[in-house]
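Here is what each chain is made of, one letter per residue.
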Amino acid sequence: ALMMAKGVWGVLCFALWLVSVLVVFVPQTAASGGGVELDVQADHIVLKSTFVHAEFNLVRPQLDVLRGSFHANQPIDSAVNLLNERPDNLPLYRQGIVLERDSLEGSSNKYTTFASSAGASPNMTVRVISNTAALVSVAISGVVDSVTDPTVTSTWFLTVKAGQHHLNLTCQVDPLPSKATKILSVRLALYLAPISLYGHFTDRGVMQMMSQPDSLMASDASLHRFYSLGINGSVDVIIPQKTYSQLVLLDEGFAHTGLQVVLAGRIPKTDAWMSSANGWPTASPVTLSSNGYKASLDIYANNYDFPISAVTSFNEQGESPMNFDELRTFYTSTYASTVGTIVSYYPASQGEVGATLNMPLQAYTYLYNFFDPDSFFTIGGLAYSGEPFLWNEARKILELNMNYMLPTGQLPHHFVFMKPTYIAISGATQTGPRED
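All values derive from a computational prediction rather than experimental measurement.

Draft legend 1. Focus on the nonpolar core. With 58 residues, the main nonpolar core has I140 and W156 as its most contacted residues. Core analysis: the second largest hydrophobic core is formed by 28 residues, Y304, A310, L327 and I379 among them.

Draft legend 2. Fine view of helix α3 (residues 374-383). α3 sits mainly inside the fold: seven of its 10 residues count as buried. Restricting attention to buried positions, one finds in α3 the residues S375, T378, I379, G380, G381, L382 and A383.

Draft legend 3. Region of interest: the side chain of S116. Relative to the assigned elements, S116 resides in the loop between β6 (110-115) and β7 (125-131). Note on S116: relative accessible area 0%, which makes it buried. If near-sequence neighbours (up to four positions away) are discounted, S116 is found in contact with R60, P61, V98, L99, V143, V144 and D145.

Draft legend 4. Looking closely at the sheet that holds strand β24 (residues 414-416). Across the sheet, three strands lie side by side as β23-β24-β25; this open sheet has antiparallel pairing. Taken across any chain shown, the strands that pair with only one partner, and hence form the sheet edges, are β23 (367-368) and β25 (419-421). As paired strands, β23 and β24 are joined by two bridges and run antiparallel to one another. Bridge assignment links Y368 to a residue of β24, and that residue is F415.

Draft legend 5. Here's a closer look at the pattern of salt bridges. Within this structure, the stated rule accounts for 12 salt bridges. For E393, the salt bridge identified is with K396, shortest N-O distance 3.0 Å. With E393 and K396 both in helix α4 (residues 388-403) and three residues apart, the pair spans about one turn of that helix. Assessed through its relative accessible area of 2%, E393 is described here as buried. A network of salt bridges, in which partner residues are shared, links R94, E100, D102 and R187.

Draft legend 6. Molecular detail of unusual backbone geometry. The omega angle of the peptide bond from L90 to P91 is 5°, so this bond is cis rather than trans. With respect to the secondary-structure elements, P91 resides in the loop between β4 (62-68) and β5 (97-105). Phi angles above zero are rare outside glycine, and D271 is one such case at about 65°. Secondary-structure assignment places D271 in the loop between β18 (257-264) and β19 (274-275). The phi torsion at Y364 lies on the positive side, around 55°, for a residue other than glycine. If you trace the backbone, Y364 turns up in the loop between β22 (352-353) and β23. Classification of Y364 by relative accessible area gives partly exposed; the value is 48%.

Draft legend 7. Molecular detail of the packing of aromatic side chains. For the structure shown, the criterion picks out 17 aromatic pairs. An angle of 70° between the planes, with centres 5.2 Å apart, marks the rings of F201 and Y345 as edge-to-face. Here the residue F201 occupies a position in strand β12 (residues 196-201), and Y345 occupies one in the loop between β21 (342-343) and β22, the gap between them amounting to 144 residues. Across this residue pair, the class does not change: F201 and Y345 are buried. Ring centres 5.3 Å apart and planes at 40° place the aromatic pair Y364 and F370 in the tilted group. Judged by its relative accessible area of 7%, F370 falls in the buried class.

Parameters and conventions
Residues numbered from 1 in each chain as written. Predicted model: local features only at pLDDT ≥ 70, side-chain atom pairs only at ≥ 80, totals over all residues. Heavy atoms only, no water. Core = buried A, V, L, I, M, F, W, Y, C linked by side-chain atoms within 4.5 Å. Buried < 20%, exposed > 50% of the residue type's maximum accessible area, 1.4 Å probe, protein only. Helix = DSSP H or I, 4+ residues; strand = E, 2+ residues; numbered from the N terminus. Contact = heavy atoms within 4.5 Å. Pairing = 2+ DSSP bridges. Salt bridge = Lys/Arg side-chain N within 4 Å of Asp/Glu carboxyl O. Phe/Tyr/Trp six-rings, centres within 6.5 Å; stacked < 30°, edge-to-face > 60°.

Below, the structure is given as C-alpha cells:
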C-alpha cells in the first residue's frame, strides 16, 4: 500500500511537469474563427458568433436561447438550445436566464414568486453599445421583476467577442419604491437543459448531483466554476467577483438543472439538499440596499458534454490545435466522470472520493476511497487535468489516506463515512504493510 502511495505521488509529480511543458510548447495554429453579429428585432435580440448564439426575449424579458458550437465549421443556428423552461412554466413563462423575486404578499403573507419573464415594462429600452466584427454589445434597461408591482429595475449588458466561446452577462439591479415590503430574495436564475450539475467551490471542494427531484442546495462558498452537462451539450458559468450573497444549486430530476445567483436575501439552511418548499419560503425578509446590486457572469456554451471554459489550448481565433477526438475524450472523462466522483464539498468529507456519480446517491453509498483501483485511477485523471483546483483535490485524497497509515505502513482499504477500515467488503484483510 505504501508503494502504491509513493507510485501515485510519482504520477502526480510527473503529470505536473508534463502539463507545464505542453502549455509552453503546444503550437498555436491559425484558424478562421469568424466575426460576431448583432440583430435587434421588435420582439428579440440576437447576439451571435461562430461559437455562441444567444437571444434575449423583449416580450418576456429573459435570455431564452443559448447555443454553443465547439467547431467553427459547425452551423451555430442548428445547435441545441441549452436553456430550459421550468416545469411550472405558467404563468411566469420562465425559460432560461431570468430576474426573479420572492416575497410575502398581502395580509396573509402569501409566498409568491415574481419574474421578469411575466411581461415587459413599457419603460424598457435597448441601446446598442458596439456592433463590429470583433465585438457586439447591447444594454437592455428597464427589465423589472414584476410589471404589476415592480420592486427592482435592472439593466442587462450582453457582450459577445469574436473568437470566444462565451457570452458575458453583467446585470445592474436597483431598488424601486414598492408596496412589497416583505422581500425574501432578488436573484438571477439560470434554468438549464443539461441533467448533471457540478459546483467547484474554491474554499470547499466539489459538489455533483443529478436525478434529485425538486431539490436545491444553498451555499455561501466562493464559486470557482459551475457547469451542467448531459444530453447534447454543456453550460458553464464563471463569476469573476463574488458580488452575490448566496448561490443556490437546482436539480429537477431529469427535467433540468440550474443555478440561482442571489443578490439579496439568503436561504437560512445551507450545504444540504432539500425540497424547494423548504428553501425560499423559509427565508427572512430583507431590506434592499439603496446602492443596488451588480453581478457579472461569463456563460460558456458547448455542444459537447464537457465545460469548454476548462480548455486552455484555444488560439485567438477560438480553435484548439489538439486532435479533437483526443481533446473530447480527455475533457469528457475528466470533468463529466472523474470530477463527479469527488465528495469534498462538505468539511467532514474532505479528501473522500466515491465510485460513481451522485444519482442522487453514489454506488457503495457512504463507502469511499477504494484504491483497488477506483481511487488510483481518479488520482491519475486529476493529476493530468492541468488545473490547479483539481490538483488540490488529488492532494486531499492522498493525504486523507496517508493520515490513517498505521505505524506498520498499512493503509486503509476504504472509508465508511470518515472512519477508515483495513478490511475489504468481502471480509478479506487488506494486504500490507510493505517493507519498502
